[in-house]
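Remarks on the overall topology
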Amino acid sequence: MIHFLVATLSEGRPIIDFFDLKISNNDSLFKVYHSAGISLTISGIGKINSAMSVIKTFFDFNKQKNNIWINLGLAGHKNHRIGDLFLVNKIKDSSSNKMYYPFVAHSKLKSIQCITYEKENLDYNESLSEMEASGFFYSANKFSSLELVQVLKIISDNEKESINFNDKHKIYDLIFSNKKKIINLCDSLHKIKENIEDYNLQYINKEFEEIFKGIKFSFTEKQQMKSLLKLYFARYNFLKKDLFNYKENGSFNIQMLKNFLRI
Amino acid sequence: MNIDNVYIEKRVENHSNTQKILERIKFQNIIICNSYSEVFNPSNQNFRIQKKYPSLILAKKENSFIKETPPDFTIGYKKNYYFSHMLNCPFDCKYCYLQGMFNSANYLIFVNYEDFYNPIQTLIKKNKEKLCFFSGYDCDSLALENITGFLENLVNNFHIFDGGFLELRSKSTNVKLLSAIKPINNLIPAFSLNPQFIIKEFESGTPNLVKRLSVIKSLQEKGWNIGVRFDPIIWLGDQSRYEFFFKEVFKDLDIRKIHSITLGSFRMPTKYLKKLSKIRPSDSFIQSAYVQQSFRRSSKELNNEVKSFCKKQILKFVEKEKLFEN
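Numbers given to residues run from 1 along each chain, matching the order in which its sequence is written. Chains and ligands are labelled sequentially in the order written, the chains with letters from A and the ligands with numbers from 1. Given that this is a predicted model, residues contribute local features only at a pLDDT of at least 70 and side-chain atom pairs are listed and counted only at 80 or more, while totals for whole chains, interfaces and linings are drawn from all residues. Side-chain metrics in this entry use all non-hydrogen atoms of the structure; hydrogen atoms and water are not considered.

Observations regarding the sheet that holds strand β13 (residues 226–233) of chain B
Residue and element names in this part refer to chain B. A pair of strands is considered paired only if DSSP assigns at least 2 bridges between the two. We count a stretch as a helix when DSSP gives it H or I for four or more residues in a row; a strand needs E for two or more, and each element gets its number in order from the N terminus. Spatial ordering of the open sheet is given by β4-β5-β9-β10-β11-β13-β14-β15, a layout of eight strands whose pairing is mixed. At either margin of the open sheet sits one strand with a lone partner, and together these are β4 (67–68) and β15 (323–325). Bridge analysis of strand β10 (residues 164–170) against strand β11 (residues 187–192) gives five bridges, and the strand direction is parallel. If you follow R169 over to β11, its bridge partner there is A190. Helix α10 (residues 209–221) rests against β11, β13 and β14 (258–265) of the sheet, and its axis sits at about 160° to β11. In this analysis, two residues are considered to be in contact whenever any of their non-hydrogen atoms come within 4.5 Å of each other. Axis lines are fitted through C-alpha atoms, for helices just across the contact stretch, and the angle between N-to-C directions can take any value from 0 to 180 degrees. Along the sheet, helix α11 (residues 239–252) contacts β13 and β14; its crossing angle with β13, the most-contacted strand, is approximately 165°.

A closer look at the side chain of S53(A)
All names here are of chain A. Positionally, S53 belongs in helix α2 (residues 47–60). The class of S53 is buried, set by a relative accessible area of 0%. Excluding residues within four positions of it along the chain, S53 makes contact with L5, F30, T41 and S43. Type-normalised accessible area, obtained with a 1.4 Å probe on protein chains alone, sets the label of each residue: buried when under 20%, exposed when over 50%, and partly exposed for intermediate values.

Here we look at helix α4 (residues 168–176) of chain A
Residues and elements named next belong to chain A. Those residues of α4 not exposed but buried are I171, Y172, L174 and I175. Seen along its axis, α4 keeps its buried residues to an arc of 160°; they face one direction. Those residues of α4 that are buried are in contact with α1 (9–18), β5 (68–76), β10 (149–157) and α5 (179–193). Working definition: the arc comes from the directions between the helix axis and the C-beta atoms, pointing outward to the latter.

Examining the nonpolar core
Note on terminology: a nonpolar core comprises buried Ala, Val, Leu, Ile, Met, Phe, Trp, Tyr and Cys residues joined through side-chain atoms within 4.5 Å. F133(B), F161(B) and F230(B) are the most contacted members of the largest nonpolar core, which has 101 residues in total. Filtering out sequence-adjacent residues up to four positions away, F230(B) remains in contact with L193(B), F245(B), F246(B), V249(B), F250(B), I261(B), T262(B), L263(B), G264(B) and I314(B). Core analysis: the second largest hydrophobic core is formed by 58 residues, I68(A), L85(A), F86(A) and A140(A) among them.

Description of the domain arrangement of chain A
The start and end points of each domain follow an automatic or database-based domain assignment. Segmentation of chain A into domains returns domain 1 (2–193) and domain 2 (199–261). For domain 1 of chain A and domain 2 of chain A, the distance between their C-alpha centres works out to 41 Å.

Observations regarding the interface of chain B and chain A
Between chain B and chain A, the contact holds 35 residues from the first and 36 residues from the second. Note on chain B versus chain A: buried area summed over both sides is about 3,100 Å², and carbon and sulfur give 55% of it. A simple way to read buried area is as the amount of 1.4 Å-probe accessible surface that goes missing from two parts once joined, with both sides added. If you sort the residues of chain B by the area they bury against chain A, N44(B), I49(B) and F295(B) come out on top, with a joint share of 21%. Salt bridge, as applied in this entry: a Lys or Arg side-chain nitrogen positioned within 4 Å of an Asp or Glu carboxyl oxygen. For the interface between chain B and chain A, the tally reads one salt bridge. For D4(B), the salt bridge goes to K108(A), with nearest N and O atoms at 3.7 Å. Here a polar contact is taken to be a pair of N or O atoms separated by no more than 3.5 Å, where protein atoms must pair a possible hydrogen donor with a possible acceptor and residues adjacent in sequence count only if both atoms sit in side chains. Applying the counting rule to chain B against chain A returns 13 residue pairs in polar contact (both at pLDDT 80 or more).

What follows is the structure, encoded as structure tokens:
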């Protein structure tokens, strides 16, 4: 699943249209939209809001680890052209001086560093100026591997000119004109995610709870059974449920699986 | 070599080796960092993904240049040390312990090569016994030489090893530099070998057995004494295939020009194996090893059997003084 986080509804509107998202709650704190496989959360401005909305999204969507997270938004820069899109390769939090390094090795998009400020920054420099990335990245990286957490920024203002931030249509057009790049990024992140083979770990945990709900396991037995199940799934696709005797205890069933796997 | 992103510690931005390395590669972005640990160490990153899209990190090593090897790790010398000018390697061996040891698969190069030399020289001078140093412990010594230029630098300063020995361990056939220079008595190029069916299944991206043997042979012909390393020997049963393998290895090599042979079985600290079992969930070899450890079942017995079989095969070709078990 891909979770988009944007600061304002104006920045979210094009995403809602790209992916035909429907509102899933009308929460007064964070509005969330979704369709199958995509969600969009409107975080509000600032890194704290951004971090909180990541947590809210994570819990709203079944606490799934290693989903894809994208913070999309507008940013200022000394001289880059309005409308240019960048992937962020380094985030500096202006108040803590803490650095974060999103993984951008997979993408052919131009990448750049950004500084997350507490307040609007009009003292433009060589880094993007914005207000959400550090909170977003810190928080999303708790739930997903670093490679799946991306910050995507579109230039809205520079030393010479700025868009009118009250002009919703202008913001819509800026983001909409980058539709192809945004969708390509989503595709490449899906491909990257395929390398994280955690699906069977999650499946094993689920299966374990399901199959053995009536059977008592000590802590060590639980670990042992899970390691055997991992080996089982490395060799076979489907679990034969008649492998086990549900009237017997954990230790007995461990032995049964060991025999089957010839351990 | 194409590397999209190069992370450079600010303090080595202008180091001559940094500049040389940048001239040798094609890259898209340079990203300056304060310390390599900001990029290399964070925990929630995925080794498998980074193996596919590695970045390069250029940094300065500040301390712990030389470390002692585990006891019993030897090629015939009493005191053994290792050093790593680089962490990680371009090959992708399933059994590699680096996957369990590091959070990142990015290539980390410590560009201050010259700072390794003093501690080596001091150690050699302080000891009366012959010391042996191993390179290629946390990386492959030769695979990325075209980028690092470390070996070239080392060879130009090789007097620091006077009174000591250096082993360069590799699976690579990148021996251009070694082929071009006169053999050095106390420099031992060493090559890790496994049967071809193991190389195919377990050592992704590495040169095949025929290529490795041909490189060993050519270096021997140029006068180099070579280390032959069966460590770890990956055992999948069927003794005849391994018997054939040892014959294949030794039939063309000049036995007199073999410096030493080491034999070791697959072993890994529990912590690393646990991590490997997470990042390679569909690999039955790793999962099987993990199960053995979960049941605290010693694989020593099997390992001893395997080692004893291999030893017997090796000793058909080489005198026992050259064989060391690790």
